[in-house]
Amino acid sequence: MPRWKSRLGAAAGAFLLLSGSAHTFLGTAAMREEMTRASVPAELARGLTVGWVFGGAAMFVFGAVAVWTFLRAGQGRAVSTVPTLATAVGYLGFGIWAEVFSGMDPFFLMFLVPAAMLLAASLPLSSSEPR
């Protein structure tokens with residue numbers, strides 16, 4: 001794997017690690033405050049909080065897989081990029097949906113940018129490059 005691809009993939013993974021952490025630790029408190037201000041029923045608030053924290057944990061795990069994959073690739077080890085390709089496609093699909101659903105809110109670029117980075121790092125440059 002070319003060095004630029006392993007660096008790009010590791011950088012995308014690091015972004016996912018950081019955004020997953022921020023999503024969980026900073027975003028949860030902000031979301032709960034907003035739900036309290038909006039008088040959201042406690043049961044609904046608990047359910048939304050559980051889903052929110054799960055989303056942050058999933059983002060963190062996706063980032064950890066990407067960092068591990070691309071650090072190993074940077075060391076010259078053979079790795080499969082199928083998991084990072086699946087992450088890229090999932091993030092890309094969600095990011096496009098979120099942009100359309102939100103009326104093109106630029107906030108959701110935080111899904112599209114790392115998706116594009118992971119996609120570029122995960123796709124083989126030639127048919128001889130392993131996936």
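The structure presented is a predicted model; accordingly, all values stated were derived computationally and were not measured. (Residues numbered from 1 in each chain as written. Predicted model: local features only at pLDDT ≥ 70, side-chain atom pairs only at ≥ 80, totals over all residues. Heavy atoms only, no water.)

S.K.: Would you mind going over the overall build of the chain with me for this structure?
M.R.: Looking only at helices and strands, the chain features four helices and zero strands. Along the chain, from the amino end to the carboxyl end, the secondary structure elements read α-α-α-α. Its C-alpha atoms put the chain at 55 × 30 × 20 Å along the principal axes. Per-residue burial for the chain yields a buried fraction of 34% across its 131 residues. Contacts spanning at least 24 positions in sequence make up 73% of the contacts within the chain whose residues lie at least 6 apart. Carbon and sulfur atoms make up 73% of the accessible area of the chain, which amounts to about 7,800 Å² in all. Computed over 9 positive and 6 negative side-chain charges, the separation of the two mean positions in the chain equals 18 Å. (Helix = DSSP H or I, 4+ residues; strand = E, 2+ residues; numbered from the N terminus. Buried < 20%, exposed > 50% of the residue type's maximum accessible area, 1.4 Å probe, protein only. Contact = heavy atoms within 4.5 Å. Areas by Shrake-Rupley, 256 points an atom, 1.4 Å probe, with all protein chains shown as cover. Lys, Arg positive; Asp, Glu negative; His and termini not counted. Charge placed at Lys NZ, Arg CZ, Asp CG, Glu CD.)

S.K.: Explain the packing of helix α3 (residues 82-102) against helix α4 (residues 109-122) to me, please; I cannot follow it from the model alone.
M.R.: The interhelical angle for the contact between α3 and α4, taken along N-to-C directions, is 150 degrees, at an axis separation of 8 Å. One way to sum up the angle between α3 and α4 is to call them roughly antiparallel. The chirality of how α3 crosses α4 is left-handed. Together, Thr-84, Leu-85, Thr-87, Ala-88, Tyr-91, Leu-92, Phe-94, Gly-95, Ile-96 and Glu-99 of α3 and Leu-109, Phe-111, Leu-112, Pro-114, Ala-115, Leu-118, Leu-119 and Ser-122 of α4 make up the contact between the two elements. (Axes fitted to C-alpha atoms, helices over the stretch in contact; angles between N-to-C directions. Parallel < 35°, antiparallel > 145°, perpendicular 65-115°, else oblique. Left-handed = near helix turned anticlockwise from the far one by under 90°.)

S.K.: Before we go on, may I ask you to explain the packing of aromatic side chains in this structure?
M.R.: A ring pair, where both rings are aromatic, is described by two values, the distance of the centres and the angle of the planes. For the structure on display, the rule yields seven aromatic pairs. Here Phe-107 and Phe-108 contribute two aromatic rings whose centre-to-centre distance is 5.2 Å and whose plane-to-plane angle is 85 degrees, an arrangement assigned as edge-to-face. Given a relative accessible area of 18%, Phe-108 falls into the buried group. With a centroid separation of 6.4 Å and an interplanar angle of 20 degrees, the aromatic rings of Phe-108 and Phe-111 are classed as stacked. Through a chain of ring-to-ring contacts, three or more aromatic side chains come together here, namely Phe-62, Tyr-91, Phe-94, Trp-97, Phe-101, Phe-107, Phe-108 and Phe-111. (Phe/Tyr/Trp six-rings, centres within 6.5 Å; stacked < 30°, edge-to-face > 60°.)

S.K.: It is not clear to me how the environment of Arg-7 should be interpreted in this structure. Could you clarify?
M.R.: Examined against the element boundaries, Arg-7 turns out to sit in helix α1 (residues 3-37). Distance from Arg-7 to Leu-125, taken between C-alpha atoms, is 15 Å for residues 118 residues apart in sequence.

S.K.: I'm lost on the packing of α1 against helix α2 (residues 42-74) in this one. Help?
M.R.: How two helices pack is summed up by the angle between their axes together with the distance between the axes. With their axes 7 Å apart at the nearest point, α1 and α2 run at an angle of 165 degrees to one another. Judged by the angle between their axes, α1 and α2 are roughly antiparallel. For the pair α1 and α2, the sense of crossing is left-handed. Residues that form the contact of α1 with α2 fall into these classes: 20 nonpolar, 15 polar and two charged. (Nonpolar A, V, L, I, M, F, W, Y, C, P; charged D, E, K, R; others polar.)

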